[in-house]
Amino acid sequence: MGMKETRKTVGTTLGLLAPVVAIATFLFWFYTNNSVGIPENRGVFIAVFVIAIVMAVASFIVGTRWFGGVAAVIGIIPAAFMLFTVSISKQVVAEDAIKVGDTIPYFAALDDQGERFTSDALAGTPVLIKFFRAHW
Amino acid sequence: MLTVSTDYPEVIRQRRGAHRLQATMLSDRDLGVTDAFGLRNQGAHSGPVGEDQAEALPVPTTLLVSADGVVLWMDQSENYQNRSGPEVVLAAMQQYLDVGE
């Protein structure tokens, strides 16, 4: 096996490994997310996604057989997507947002039965209010 | 317990079973409740976009409110990928309301 063939084998291996690393981490992320366990510091996840992208890009630089190239592209997609979601995940509230010690404002909305609910119903009883992003 | 999201009532109704929640679940499609609390996310809109989607999303926040309507405790994520875990919320309830175990 010549030098060129060896390089191609290395490149193809990198290309094939990239999606394995990216997809496994992607799945682990959502598994962790489901149990409300994404750590405050997502550094390890970010590092692994970056590694997957580096492997995919390296496979093209070194040279790869066609299936290694296809795999590399498949690996880049979830890794890049997750890095993108991390990059836009910073949350910013309004300056006059509610804080500890404030009295909650009056509010009204429809409940899941389509019935009108107003905050008057909460008077006299402690309540846990949870704002969340949506069900998807 | 009360939950607030931008989902339509029918979506919340369908999904309620999956979470086995007994809470009152409000639909805040126009963000009226979210804005009353000042909790609209001012950062990048990271939800689905389109005509049928909410124009923004609340910052995930859990508030513990006393019987007279004062916020006793709150927990808010700096990024939307983190949430208050059940143990954090339960600890706060025990501390402030003297309930649960």
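Residues numbered from 1 in each chain as written. Chains lettered and ligands numbered in written order. Predicted model: local features only at pLDDT ≥ 70, side-chain atom pairs only at ≥ 80, totals over all residues. Heavy atoms only, no water.

**Student:** What is the right way to look at the overall build of chain B in this model?
**Tutor:** Along its length, chain B carries 3 helices and 4 strands. Helices and strands appear in chain B in the N-to-C order β-α-β-α-β-β-α. Out of the 101 residues belonging to chain B, those deemed buried represent 48%. For chain B, restricting intrachain contacts to residue pairs at least 6 apart in sequence, the fraction spanning at least 24 positions comes to 24%. For chain B, the accessible area works out to roughly 5,000 Å², and carbon and sulfur atoms hold 46% of it. (Helix = DSSP H or I, 4+ residues; strand = E, 2+ residues; numbered from the N terminus. Buried < 20%, exposed > 50% of the residue type's maximum accessible area, 1.4 Å probe, protein only. Contact = heavy atoms within 4.5 Å. Areas by Shrake-Rupley, 256 points an atom, 1.4 Å probe, with all protein chains shown as cover.)

**Student:** Is there a simple way to explain the overall build of chain A in this structure?
**Tutor:** On a plain count of helices and strands, chain A comes out with 3 helices and 3 strands. In chain A, the succession of helices and strands from N to C terminus is α-α-α-β-β-β. Its C-alpha atoms give chain A a radius of gyration of 24 Å, more than 25% over the compact-globule value 14 Å for 136 residues. For the C-alpha atoms alone, the extent of chain A along its principal axes is close to 80 × 30 × 20 Å. Taking all 136 residues of chain A together, 38% fall into the buried category. The long-range fraction of contacts in chain A, counting pairs at least 24 apart against all pairs at least 6 apart in sequence, stands at 64%. Of the roughly 7,800 Å² of accessible surface on chain A, a fraction of 69% belongs to carbon and sulfur atoms. For chain A, the distance from the average site of its 10 positive side-chain charges to the average site of its 9 negative ones is 23 Å. (Rg over C-alpha atoms; globule rule 2.2 N^0.38 Å. Lys, Arg positive; Asp, Glu negative; His and termini not counted. Charge placed at Lys NZ, Arg CZ, Asp CG, Glu CD.)

**Student:** Any chance you could explain the interface of chain B and chain A here in plain terms?
**Tutor:** Contacts between the two partners involve 61 residues from chain B, matched on the other side by 50 residues from chain A. With both sides pooled, the region where chain B packs onto chain A buries about 5,200 Å², and carbon together with sulfur makes up 61% of that total. Counting every contact that joins chain B to chain A gives 0 salt bridges. If you look at where chain B meets chain A, you find 15 residue pairs in polar contact (both at pLDDT 80 or more). Secondary-structure elements contributing two or more residues to the side of chain B that touches chain A are β1 (2-5), α1 (9-19), β2 (24-27), α2 (32-36), β3 (61-65), β4 (71-76) and α3 (86-97) of chain B. In terms of residues, the side of chain B that touches chain A owes the most to one element, α1(B), which gives 6 residues. Taken together, the residues of the side of chain B that touches chain A sort by class into 30 nonpolar, 24 polar and 7 charged. Where strand β3 (residues 127-131) of chain A lies against β1(B), 3 bridges are found, and the strand directions are parallel. Its bridge partner lying in β1(B), A:K130 is registered against B:T3. (Buried area = accessible area lost by both parts, 1.4 Å probe. Salt bridge = Lys/Arg side-chain N within 4 Å of Asp/Glu carboxyl O. Polar contact = N/O pair within 3.5 Å; in protein donor to acceptor, adjacent residues only side chain to side chain. Nonpolar A, V, L, I, M, F, W, Y, C, P; charged D, E, K, R; others polar. Pairing = 2+ DSSP bridges.)

**Student:** Can you help me understand the packing of helix α2 (residues 43-62) of chain A against helix α3 (residues 66-87) of chain A in this one?
**Tutor:** Helix-helix packing is characterised by the crossing angle of the two axes and by the distance between the axes. All names here are of chain A. One way to put it is that α2 packs onto α3 with a least axis distance of 9 Å and a crossing angle of 150 degrees. With respect to α3, the element α2 is oriented roughly antiparallel. Of the two elements, α2 crosses α3, and the hand of that crossing is left-handed. Each of I46, F49, V50, A52, I53, A56, S59 and F60 in α2 lies in contact with α3, whose residues at this interface are G69, A72, V73, I76, A79, A80, M82, L83 and V86. (Axes fitted to C-alpha atoms, helices over the stretch in contact; angles between N-to-C directions. Parallel < 35°, antiparallel > 145°, perpendicular 65-115°, else oblique. Left-handed = near helix turned anticlockwise from the far one by under 90°.)

**Student:** Teacher, can you tell me more about the side chain of B:D7 here?
**Tutor:** For B:D7, the position within the fold is in the loop between β1 and α1. At a separation of 3.4 Å, a polar atom in the side chain of B:D7 contacts the side chain of B:S5.

**Student:** Just to check I follow, could you spell out the pattern of salt bridges for this structure?
**Tutor:** On inspection of all chains with the given rule, the structure shows 3 salt bridges over all chains. A salt bridge links A:K99 to A:D102; the nearest nitrogen and oxygen atoms lie 3.5 Å apart. For A:D102, a relative accessible area of 22% corresponds to the partly exposed category. For B:R40, the salt bridge is made with B:D35, and the minimal N-O distance between the two is 2.8 Å.

**Student:** What is the right way to read the sheet that holds strand β1 (residues 108-111) of chain A from this model?
**Tutor:** Hydrogen bonds between backbone atoms are what pair the strands of a sheet, whose relative direction is either parallel or antiparallel. Strands sit in the order β2(A)-β1(A)-β2(B)-β1(B)-β3(A)-β3(B)-β4(B) across an open sheet of 7 strands; the sheet is mixed. The open sheet has two free edges, formed respectively by β2 (116-118) of chain A together with β4 of chain B, since each of these has just one partner strand. If you compare each strand with its neighbour and ignore which way they point, the axes differ by 30 degrees on average.

**Student:** What is the right way to read a nonpolar patch on the surface from this model?
**Tutor:** All names here are of chain A. Residues L16, I23, L27, W66, F67, V70 and I74 make up a contiguous nonpolar surface patch of about 690 Å² in total accessible area. Here the element with the most residues in the nonpolar patch is α3; it accounts for 4 residues. Within the fold, L16 resides in helix α1 (residues 3-34). (Patch = residues over 30% accessible without salt bridge, like charges linked within 9 Å, V, L, I, M, F, W, Y side chains within 5 Å.)

By themselves, these are just geometric observations and shouldn't be taken as functional.
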